[in-house]
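# Descriptive analysis of the structure
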Amino acid sequence: MLVLLEENVTNLGLIGDLVKVKNGFARNFLLPRGLAVLANESNKKELAHKQRQAEAKKLKALAAAKELANTIGALSLTIHKPVGEEDKIFGSVTTQELATAFAAAGFEMDRKMITIIDDIKRVGVYKGSVKLHPEVSAQFNIWVVAQG
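The following paragraphs examine the structure supplied in this document.

All right, on to the packing of aromatic side chains then. Per the stated rule, a full pass over the model turns up three aromatic pairs. Seen in terms of ring centroids, F25 and F29 are 5.3 Å apart; in terms of plane orientation they differ by 15°. Their pairing is stacked. Taken as a pair, F25 and F29 lie in helix α1 (residues 23–30) at a separation of four residues, close to a single helical turn. With a relative accessible area of 29%, F29 lands in the partly exposed category. The structure contains a cluster of three or more aromatic residues connected by ring pairs, namely F102, F107 and F140.

Below you can see the structure in the form of structure tokens.
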């Protein structure tokens, strides 16, 4: 029986693949779970339409991420920390603090998306990175200043 896969199936194929399987496997496993549909003309056209829509949606998300990356690239975040001798900071700057600073600047970022590139040990300017999309990341400046 020829079926079109609607999901990735291990050891069988990827989404959109036209595969030949035994009748029982299709009737008892693939079709009831919604992993595949029968390979007729209408289902082929519908799958092609869904793939075009998904591709357009992915391109739109990529364009939005690139635009946001340009905005974030010009951004500098300021973090206030208590300072000891020789401008050494107490504690460390965390991604949660950076996420809070992003929220104050008007950007909602999850702390898991943020990476601190340089080790922050003293007062000064450091680099950070945000992964906005699997293909897009943006770097920004982190200003660490003495509190008070």
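This part takes up unusual backbone geometry. A negative phi angle characterises most non-glycine residues, just as the trans form characterises most peptide bonds. A positive phi angle, near 65°, is found at N11, a position not held by glycine. Mapped onto the elements of the fold, N11 is located in the loop between β1 (2–5) and β2 (18–20). What makes N11 exposed here is its relative accessible area of 82%. One non-glycine residue, E86, lies in the positive phi region at around 55°.

Right, let's talk about the nonpolar core for a bit. Within soluble globular proteins, side chains that are nonpolar generally end up buried alongside one another. Ranked by internal contacts, the top residues of the largest apolar core, which has 25 residues, are L98, F102, M109, I114, L132, F140 and I142. For this core, the elements supplying multiple residues, two or more each, are α2 (41–73), β4 (76–81), α3 (95–105), β6 (124–133) and β7 (136–146). With five residues, β7 is the single largest residue contributor to this core. Apart from residues no more than four positions distant in its own chain, I142 is found in contact with L77, I79, L98, I120, G124, V125, Y126, K127 and G128. Counting nine residues, the second largest nonpolar core, distinct from the first, contains V3, L5, V19 and L35.

Bringing the environment of P82 into the picture now. With respect to the helices and strands, the residue P82 is situated in the loop between β4 and α3. Remark: the alpha-carbon pair of P82 and V21, spanning 61 residues in sequence, is separated by 66 Å. Setting aside residues up to four positions removed in sequence, P82 forms contacts with K88, I89, F90 and Q147.

Relative to β6, strand β5 (residues 114–116) runs antiparallel, the two being bridged by three bridges. Bridge pairing links I114 to V130 in β6. Note that β6 and β7 share nine bridges and pair antiparallel. Bridge assignment links V130 to a residue of β7, and that residue is A138.

Now for the sheet that holds strand β3 (residues 36–38). Taken together, the three strands give an open sheet; going across it, the order is β2-β1-β3, and neighbouring strands pair in antiparallel fashion. For this open sheet the edge positions go to β2 and β3, each flanked by a neighbour on one side alone. Here the strands of the sheet are splayed against their neighbours by 40° on average, with no regard to which way each runs. In terms of strand pairing, β1 meets β2 through three bridges, oriented antiparallel. The residue bridging L4 from the neighbouring strand is L18, located in β2.

If you trace the four strands from one edge of the open sheet to the other, you get β4-β7-β6-β5, paired in mixed fashion. The sheet terminates laterally at β4 and β5, the two strands that pair on one side only. Recorded for the sheet is a direction-independent mean angle of 30° between the axes of neighbouring strands. By the bridge criterion, six bridges tie β4 to β7 in an arrangement that is parallel.

What counts as what
Residues numbered from 1 in each chain as written. Predicted model: local features only at pLDDT ≥ 70, side-chain atom pairs only at ≥ 80, totals over all residues. Heavy atoms only, no water. Phe/Tyr/Trp six-rings, centres within 6.5 Å; stacked < 30°, edge-to-face > 60°. Helix = DSSP H or I, 4+ residues; strand = E, 2+ residues; numbered from the N terminus. Buried < 20%, exposed > 50% of the residue type's maximum accessible area, 1.4 Å probe, protein only. Core = buried A, V, L, I, M, F, W, Y, C linked by side-chain atoms within 4.5 Å. Contact = heavy atoms within 4.5 Å. Pairing = 2+ DSSP bridges. Axes fitted to C-alpha atoms, helices over the stretch in contact; angles between N-to-C directions.

The values are spatial; any link to function lies outside them.
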